[in-house]
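# Descriptive structure summary
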Protein chains: 2
Amino acid sequence: MISLTEENYLKALIYLSSLAPGIEEKKDVGTSELASYLKLKSSTVNEMLKRLKEKNLINHEKYKKITLTHSGERNGLKIVRKHRLWETFLFTKLDFDWIEIHEVAEQLEHIKSEKLVEKIDRLLGYPNFDPHGDPIPNKHGKIPQRITKTLSAVNKGEKCVVLAVSDTSRDFLNYLEDLDISIKTEIVVIDKIGYDKSIKIKIKHEQYSLSRKVADNLLVGVKLN
Amino acid sequence: MISLTEENYLKALIYLSSLAPGIEEKKDVGTSELASYLKLKSSTVNEMLKRLKEKNLINHEKYKKITLTHSGERNGLKIVRKHRLWETFLFTKLDFDWIEIHEVAEQLEHIKSEKLVEKIDRLLGYPNFDPHGDPIPNKHGKIPQRITKTLSAVNKGEKCVVLAVSDTSRDFLNYLEDLDISIKTEIVVIDKIGYDKSIKIKIKHEQYSLSRKVADNLLVGVKLN
DNA sequence: TTAATTTTTTAGGCAACACTAACTATTATA
DNA sequence: TATAATAGTTAGTGTTGCCTAAAAAATTAA
Ligand SMILES: [Mn+2]
Ligand SMILES: [Mn+2]
Ligand SMILES: [Mn+2]
Ligand SMILES: [Mn+2]
């Protein structure tokens, strides 16, 4: 039996080692990196690492980096799957706000019932991506792939569509809402300013200027037509 | 902040003191009664009672009975409300089995989000009773009333409809399923056997004999027409 | 390559929740 | 009413999951 707390550690390890937006290659994770992500002290994390190792969920040698075992990754992906399915449920079936779904899903992801997850998945029509554009692992842990780039990497004149955000802070999401940017929003890159790396974009005939920082945190797919 | 464990204590106290089927008058609850209901040791419960009293959720003097404070009752009713709404959701929206909904709801009842509860309530059309026929407290803690009696109390020749069960053990629910008895099942009392207090009933032209024990645990409303 | 900095681990403490064993108060019964 | 049975409390333990302070190892910089 994996406790709620342990589940959160596994999910954090998955995020830090491979799912973090933009990161393709698997990256080893250190104790303090994990601690700071979970807003805990390193000593606390260090203690939990012993328990996770004991349960064969991670590999960890004294003073070395942490990696997930097969079992650890599979269990972590189950939580990610549940989190994103619940977010999708809250968004599409209960009309929750794009911004509010995360913290409720943070609780719902820990409900233990295979059957419930599968029923929700079915109710939603087996979605591949959550409302933030993040891939939903299937029941076997397979993650749907999609080619994305940051908005900064889109060429002048190209049309693209927002697929995900790599910053999920309230501040950023609120700012996007002000700009009327959300998943599936279509953006045309009008111009790229070399001076401050900002870009001029057009959304439904409205023009805006976005800073480099904002453009870096918007993951898009380029529209071919 | 009320912990998951504390919530379960409050819900148990509500059940034992007033919601237990058949009980109309409020009843005071003792430490060991609560302990045995929660499958815990009296000493464990005793310790928790101190914490609940500290938080002003119960009244309790050494060696005396336990009663809920206003705050304790309101908070406990919130959990009962959530439990029964989730059961209704699982049953009506996800086609869960009558028998399975309870243990999943036991987890879902602890999800903290006012908004989520209200959205689920709305999605279900503000139901007054859950799939077991138990009343769902409204958001202000008001409990819908309904006049029920045990099947044992129904007179010979009368027609009635199953509204609730007072035993929710798997054994009992499975047995009912075998008999094809569930909420809203219509039952006609054919005969009452004085010898062993068993009763003969008819369900959709099929006749059965029910023991006193079974008849005592079926709560019904008598059909007037 | 030594010194400074950062990372990781250890040691010791604490609160929530569970337990057993032993004791005390209350209630029931003879 | 005295005693036996039951109910409730206290004391001492263990686990989980968090903390601070301090030591040890590894990494980075001078
Ligand atoms: Mn999320
Ligand atoms: Mn979580
Ligand atoms: Mn139930
Ligand atoms: Mn519960």
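Residues numbered from 1 in each chain as written. Chains lettered and ligands numbered in written order. Predicted model: local features only at pLDDT ≥ 70, side-chain atom pairs only at ≥ 80, totals over all residues. Heavy atoms only, no water.

### Overview of the domain arrangement of chain A
Residues and elements named next belong to chain A. The following threshold applies: For every domain, the bounds stem from an assignment made automatically or drawn from a database. Contacts are residue-level and defined by heavy atoms, with any inter-residue pair within 4.5 Å sufficient. Reported buried area values correspond to the accessible surface (1.4 Å probe) lost by two parts on association, with both partners' losses combined. Basic side-chain nitrogens of Lys or Arg form a salt bridge, by our definition, when they fall within 4 Å of a carboxyl oxygen of Asp or Glu. Just so you know the grouping, Ala, Val, Leu, Ile, Met, Phe, Trp, Tyr, Cys and Pro go in nonpolar, Asp, Glu, Lys and Arg go in charged, and all remaining residues, Gly too, go in polar.
The assigned domain composition of chain A is domain 1 (1-144) and domain 2 (149-222). Taking the mean C-alpha position of each, domain 1 and domain 2 sit 27 Å from one another. Of the residues lining the interface, 9 residues belong to domain 1; the matching set on domain 2 comes to 13 residues. The contact between domain 1 and domain 2 buries some 920 Å² in all, and 64% of this surface belongs to carbon and sulfur atoms. Arg170 is the partner of Glu103 in a salt bridge, and the nearest nitrogen-oxygen pair spans 3.6 Å. Among the residues forming the side of domain 1 that touches domain 2, the class breakdown is 4 nonpolar, 2 polar and 3 charged.

### Some details on the coordination of the manganese ion (ligand 2)
Put simply, the ideal angle at a metal is 109.5 degrees for four donors in tetrahedral geometry and 90 or 180 degrees for six donors in octahedral geometry. Residues and elements named next belong to chain A. We count it as follows: Each metal's donors are the N, O and S atoms found within 2.8 Å of it, except that Na, K and Ca use a 3.2 Å limit; water is left out, so coordination can look incomplete. Summary of the burial criterion: residues with accessible area below 20% of their type's maximum are buried, those above 50% are exposed, and those between are partly exposed, where the area comes from a 1.4 Å probe applied to protein chains only.
At the metal site, the manganese ion (ligand 2) is ligated by Asn8 (OD1), Glu106 (OE), Glu109 (OE) and His110 (NE2), and these contacts range over 1.9 to 2.6 Å. When the donors of the manganese ion (ligand 2) are listed by position in the chain, the intervening gaps give N-x97-E-x2-E-H. A relative accessible area of 25% places Glu106 in the partly exposed class.

### Things to note about the coordination of the manganese ion (ligand 1)
Residue and element names in this part refer to chain A. Keep this limit in mind: Segments assigned H or I by DSSP are reported as helices when at least four residues long, segments assigned E as strands when at least two residues long, and all are numbered from the N terminus.
Protein coordination at the manganese ion (ligand 1) comes from His83 (NE2), Glu87 (OE) and His102 (ND1), with a distance range of 2.0 to 2.2 Å. Spacing between the donor residues of the manganese ion (ligand 1) along their common chain follows H-x3-E-x14-H. Of this pair, His83 and Glu87 both sit in helix H4 (residues 70-92), separated by 4 residues, roughly a single helical turn. Per residue, the accessibility class of His83 equals that of Glu87, and both read buried.

### Remarks on the protein's contact with DNA strand C
Selection rule: Being near a molecule or strand, for a residue, means having at least one of its heavy atoms within 4 Å of it. Pairs of N or O atoms are called polar contacts if they sit within 3.5 Å, as long as, within protein, a hydrogen donor faces a hydrogen acceptor (for residues adjacent in sequence, only side-chain-to-side-chain pairs).
If you check the shell around DNA strand C, you find 21 residues, and the closest are Ser32 and Asn46 of chain A together with Ser3, Thr44 and Arg51 of chain B. In DNA strand C, the atoms that sit within 4 Å of the protein are 75% sugar and phosphate, with bases accounting for the remainder. At 3.2 Å from a phosphate oxygen of DNA strand C is found a side-chain nitrogen or oxygen belonging to Lys50 of chain A. The separation between a phosphate oxygen of DNA strand C and a polar side-chain atom of Thr44 of chain B is 2.7 Å. Sorting the residues of the surface near DNA strand C by element identifies helix H2 (31-37) and helix H3 (42-54) of chain A together with helix H1 (4-19) and helix H3 (42-54) of chain B as the ones contributing at least two each. The biggest single contributor to the surface near DNA strand C is H3 of chain B, with 5 residues. Split by residue class, the surface near DNA strand C holds 5 nonpolar, 11 polar and 5 charged.

### Comments concerning helix H7 (residues 170-178) of chain B
Residues and elements named next belong to chain B. Applied cut-off: Directions pointing from the helix axis toward each C-beta atom define the arc.
Of the residues making up H7, those classed as buried are Phe172, Leu173 and Leu176. Here the buried residues of H7 occupy an arc of 95° about the axis, which is enough to place them on one side. The outward face of H7, more than 90 degrees from its buried face, is lined by the exposed residues Asp171 and Asp178. Against the buried residues of H7 lie strand S4 (159-165), helix H8 (212-216) and strand S8 (218-222). One or two residues past the end of H7 sits Asp180, with phi positive at roughly 65°.

### Some points on the pairing of strand S6 (residues 199-203) of chain A
All names here are of chain A. Using the following cut-off: Two strands are said to pair when DSSP picks up at least two bridges between them.
Only one face of S6 is buried, namely the one carrying Ile199, Ile201 and Ile203, since none of Lys200 and Lys202 on the opposite face is buried. Linking two consecutive strands that pair antiparallel, namely strand S5 (residues 186-192) and S6, is a turn of 6 residues; a positive phi of about 60° is found at Lys197 within it. Note that S6 and strand S7 (residues 206-210) share 5 bridges and pair antiparallel. From the neighbouring strand, Lys202 faces S7, where its bridge partner is Gln207. Between S6 and S7, which pair antiparallel in sequence order, lie 2 residues; one of them, Lys204, sits at a positive phi of approximately 45°.

### Section: the side chain of Thr88 of chain B
Take Thr88 of chain B: it is sitting in helix H4 (residues 70-92). Once residues within four sequence positions are removed from consideration, Thr88 of chain B is found in contact with Lys93, Leu124, Pro127, Phe129, Asp130, Pro131 and Ile136 of chain B.

### Quick notes on the interface of chain B and chain A
On the chain A side, the residues contacting the 19 residues of chain B number 19 residues. Around 1,600 Å² of area is buried between chain B and chain A when both sides are counted, 68% of it from carbon and sulfur atoms. It is Leu94, Gln107 and Lys119 of chain B in chain B that bury the most area against chain A; as a group they hold 30% of the surface buried on that side. Put simply, chain B and chain A have 2 salt bridges between them. Of the charged contacts, one joins Lys115 of chain B and Glu100 of chain A as a salt bridge, the two residues approaching to 2.7 Å between their closest N and O atoms. Elements that contribute at least two residues to the side of chain B that touches chain A include exactly H4, helix H5 (101-108) and helix H6 (114-123) of chain B. Top contributing element to the side of chain B that touches chain A by residue count: H6 of chain B, with 5 residues. When the residues that make up the side of chain B that touches chain A are grouped by side-chain class, the tally is 10 nonpolar, 3 polar and 6 charged.

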